[in-house]
Amino acid sequence: MQYEDHVLAYSNIHKAPLWVCEHLTHENVDKSSESISREHSKFRSDESVFPAFRSHNKDYLHSGYDRGHLAAAANHRQSQSAMDDTFFLSNICPQTGKGLNRSKW
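Residues numbered from 1 in each chain as written. Predicted model: local features only at pLDDT ≥ 70, side-chain atom pairs only at ≥ 80, totals over all residues. Heavy atoms only, no water.

Caption draft 1: Summary view of the overall build of the chain. Each helix and strand counted, the chain has 3 helices and 4 strands in total. Secondary structure elements of the chain occur, N-terminal to C-terminal, as β-β-α-β-α-β-α. Principal-axis analysis of the C-alpha atoms places the extent of the chain at approximately 35 × 30 × 20 Å. In the chain, which comprises 105 residues, the share counted as buried stands at 41%. Intrachain contacts of the chain at a sequence separation of at least 6 include 69% that bridge at least 24 residues. Carbon and sulfur atoms make up 54% of the accessible area of the chain, which totals about 6,600 Å². Treating the 12 positive side-chain charges of the chain as one cloud and the 13 negative ones as another, the clouds have centres 9 Å apart. (Helix = DSSP H or I, 4+ residues; strand = E, 2+ residues; numbered from the N terminus. Buried < 20%, exposed > 50% of the residue type's maximum accessible area, 1.4 Å probe, protein only. Contact = heavy atoms within 4.5 Å. Areas by Shrake-Rupley, 256 points an atom, 1.4 Å probe, with all protein chains shown as cover. Lys, Arg positive; Asp, Glu negative; His and termini not counted. Charge placed at Lys NZ, Arg CZ, Asp CG, Glu CD.)

Here's what the structure looks like:
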């Protein structure tokens, strides 16, 4: 699956990404702009995934798991659309919060 600044392979069985490949440059990662923010992004189902294999926000509700990015949103600050792409649930997998998703690793 191809997006503005990353590609990924998606598992229909697990409804999660198998791997992600990002195109990162020093200029893009260090870019800072008040208009480009994860506050403007929302987790959402990826309409390019066949409906039977698509993950949904409700899959994470009361699951005990965070929605963990494989292509990190903070690495894609060159445009709001590139950051928004990282919030497709096709780029997300379940991660424990404390000690992994909510920590530096």
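Picking up after the structure, the text goes on.
Caption draft 2: A look at the packing of aromatic side chains. Applying the stated rule across the entire model yields 3 aromatic pairs. With 5.8 Å between their ring centres and 35° between their planes, Tyr3 and Phe88 make a pair best called tilted. Pair noted here: Tyr3 is in the segment before β1 (6-11) and Phe88 is in the loop between α2 (80-85) and β4 (92-95), with a separation of 85 residues, a long-range link. Overall, Tyr3 belongs to the buried group, its relative accessible area being 11%. On the basis of relative accessibility, which here comes to 16%, the residue Phe88 falls in the buried class. Aromatic side chains Phe50 and Phe53 sit 6.0 Å apart centroid to centroid with 45° between the ring planes, which places their arrangement in the tilted category. (Phe/Tyr/Trp six-rings, centres within 6.5 Å; stacked < 30°, edge-to-face > 60°.)

Caption draft 3: Molecular detail of the pairing of strand β2 (residues 16-22). In this structure, β1 lies alongside β2, joined through 6 bridges in antiparallel fashion. Its bridge partner lying in β2, Tyr10 is registered against Pro17. Connecting the antiparallel pair β1 and β2 is a turn made up of 4 residues, with Lys15 showing a positive phi of about 55°. (Pairing = 2+ DSSP bridges.)

Caption draft 4: View of the environment of Val20. Of note, Val20 is situated in strand β2. Residue classification places Val20 among the partly exposed positions, given a relative accessible area of 23%. Between the C-alpha atom of Val20 and that of Ala9, which follows or precedes it by 11 residues, the distance is 6.7 Å. Residues within four places of Val20 in sequence aside, it is in contact with His6, Val7, Leu8, Leu70, Ala71 and Asn91.

Caption draft 5: Inspection of the nonpolar core at higher detail. One finds Ile36, Phe43, Tyr60, Ala73, Met83, Phe87, Leu89 and Ile92 forming the largest nonpolar core, which totals 8 residues. Not counting residues within four places of it along the chain, the set of residues in contact with Met83 comprises Ile36, Ser37, Arg38, Ser41, Ala73, His76 and Arg77. Counting 5 residues, the second-largest nonpolar core is a separate cluster that includes Tyr3, Leu8, Tyr10 and Val49. (Core = buried A, V, L, I, M, F, W, Y, C linked by side-chain atoms within 4.5 Å.)

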